[in-house]
Amino acid sequence: MTDHATAVAHPNIALVKYWGKRDAAMSLPATGSLSMTLDVFPTRTTVTVDAGLAADVLELDGRVLEGTPLDRVARFLDLVRELAGDDRRARVATTNAVPTGAGLASSASGFAALAVAASAAYGLDLSPRDLSRLARRGSGSASRSIVSGVAVWHAGDGDETSFAEPTEAPDMAMVIATVEEREKPISSRAAMARTAETSPFYPAWVSDTSATLERMVDACAAHDLDLVGRIAETNALRMHALIQSCDPPIRYLTAASLAVLDRVEALRADGTLAYSTIDAGPNVVVLCAPADAERIAASLADVASTVVARPGPGAHLVEDDA
Ligand code: 2P0
């Protein structure tokens, strides 16, 4: 007997960043975070449960993957199998429109799509909260890609309470300014661990980010986009300062990233609401009002390749093509 399901999920960009775990085994974050799920760069994943398979199989964009990516997916499927009481193995086929490894959170859309497709393929009927908790176990930021639009991921006090849910927010757009598409020098997971172990600033980051999240939730609820942007840019630059304070240091920002940051400052000086945020890579994302997005994208065309994104849907099942 085979059972299959297909899901689509999109990446999310954090406006208050997740950077550090308090429990790596359970994927519990040191602090809560807040993000916008995008309407671009979808990941589409089909899970086919097959009693005839001796081991899980992973295919990304038509290529069979083994080693670490397969191990990570198989460990995740073990969680689903345990919940379902079903030990059959599965074939996972994923197509990814996110530039993998460029700091655009392909693991977020990847594990969100996998959580939705795998839980359906194994016959589970999980609530949005339980899907978010499950996706979190694959990759922390995936908990937020379960949610449409703006999501707050609660640090929680354990597995049961660490999930993402929608939160009230102003309408916004993001201009994704890609300056480079190469693989990042060190994974977020390894970089987070090094940060917690070696940065003297880590305790300050944890306490500051907890307070920042409260201010951000309030700014979102007040529909104050300028304050949302200011808080987001400050939080992102603090995260990069923190990362650079590791031993040995880790630096994701390049000269090309700084050129975009300078442009965004110049836009603000000219009266345009525009703020930068940057994930674990060199690319910059500019938060702005929807009406300004195309003009801002055009103004960055000589320093980056740009895509305008708007709030997108949470991970969801789609017509199955297995
Ligand atoms: C975020 N990032 O909040 C932060 C900002 C990158 C920079 O979440 O180890 O792939 O799988 O839980 O979710 C990237 O880290 O890490 C991330 P794991 P994840 O979006």
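Residues numbered from 1 in each chain as written. Predicted model: local features only at pLDDT ≥ 70, side-chain atom pairs only at ≥ 80, totals over all residues.

**Student:** Explain the UniProt feature "domain: Mvd1 C-terminal" (unreviewed entry) in the chain to me, please; I cannot follow it from the model alone.
**Tutor:** This chain's UniProt record puts "domain: Mvd1 C-terminal" (unreviewed entry) on residues 175–303. In residues 175–303, the share of helix is 57% and the share of strand is 11%. The end C-alpha atoms are 13 Å apart. (UniProt positions renumbered as here; feature names shortened; annotations may be inferred. Helix = DSSP H or I, 4+ residues; strand = E, 2+ residues; numbered from the N terminus.)

**Student:** Is there a simple way to think about the sheet that holds strand S12 (residues 173–178) in this case?
**Tutor:** The strands making up a sheet associate through backbone hydrogen bonding, with each pair oriented either parallel or antiparallel. The four strands are arranged S13-S14-S12-S15 in an open sheet whose pairing can be described as antiparallel. The strands lining the two open edges of the sheet, one partner per strand, are strand S13 (274–278) and strand S15 (305–309). Across the sheet, the axes of successive neighbouring strands diverge by a mean angle of 25 degrees, strand direction being ignored. With five bridges connecting them, S12 and strand S14 (residues 284–288) associate as antiparallel partners. Directly across from Met174, in S14, lies its bridge partner Leu287. Those strands touched by helix H7 (residues 225–244) are S13 and S14, and its axis lies near 30 degrees from that of S13. (Pairing = 2+ DSSP bridges. Axes fitted to C-alpha atoms, helices over the stretch in contact; angles between N-to-C directions. Contact = placed C-beta atoms within 7 Å.)

**Student:** Teacher, can you tell me more about helix H8 (residues 255–269) here?
**Tutor:** In an α-helix there are 3.6 residues to a turn, and that puts residues three or four apart on one side. Taking 1.5 Å as the rise per residue, H8 with 15 residues should run 21 Å; its terminal C-alpha atoms sit 21 Å apart, in good agreement. What H8 keeps buried is the set Ser257, Val260, Arg263, Val264 and Leu267. With its buried residues spanning 120 degrees around the axis, H8 presents them on a single face. Turned more than 90 degrees from where H8 packs its buried face, Ala255, Asp262, Ala266 and Ala269 sit exposed. (Expected span 1.5 Å × (residues − 1). Buried ≥ 20, exposed ≤ 12 C-beta atoms within 10 Å, placed from the backbone. Arc of directions from axis to C-beta.)

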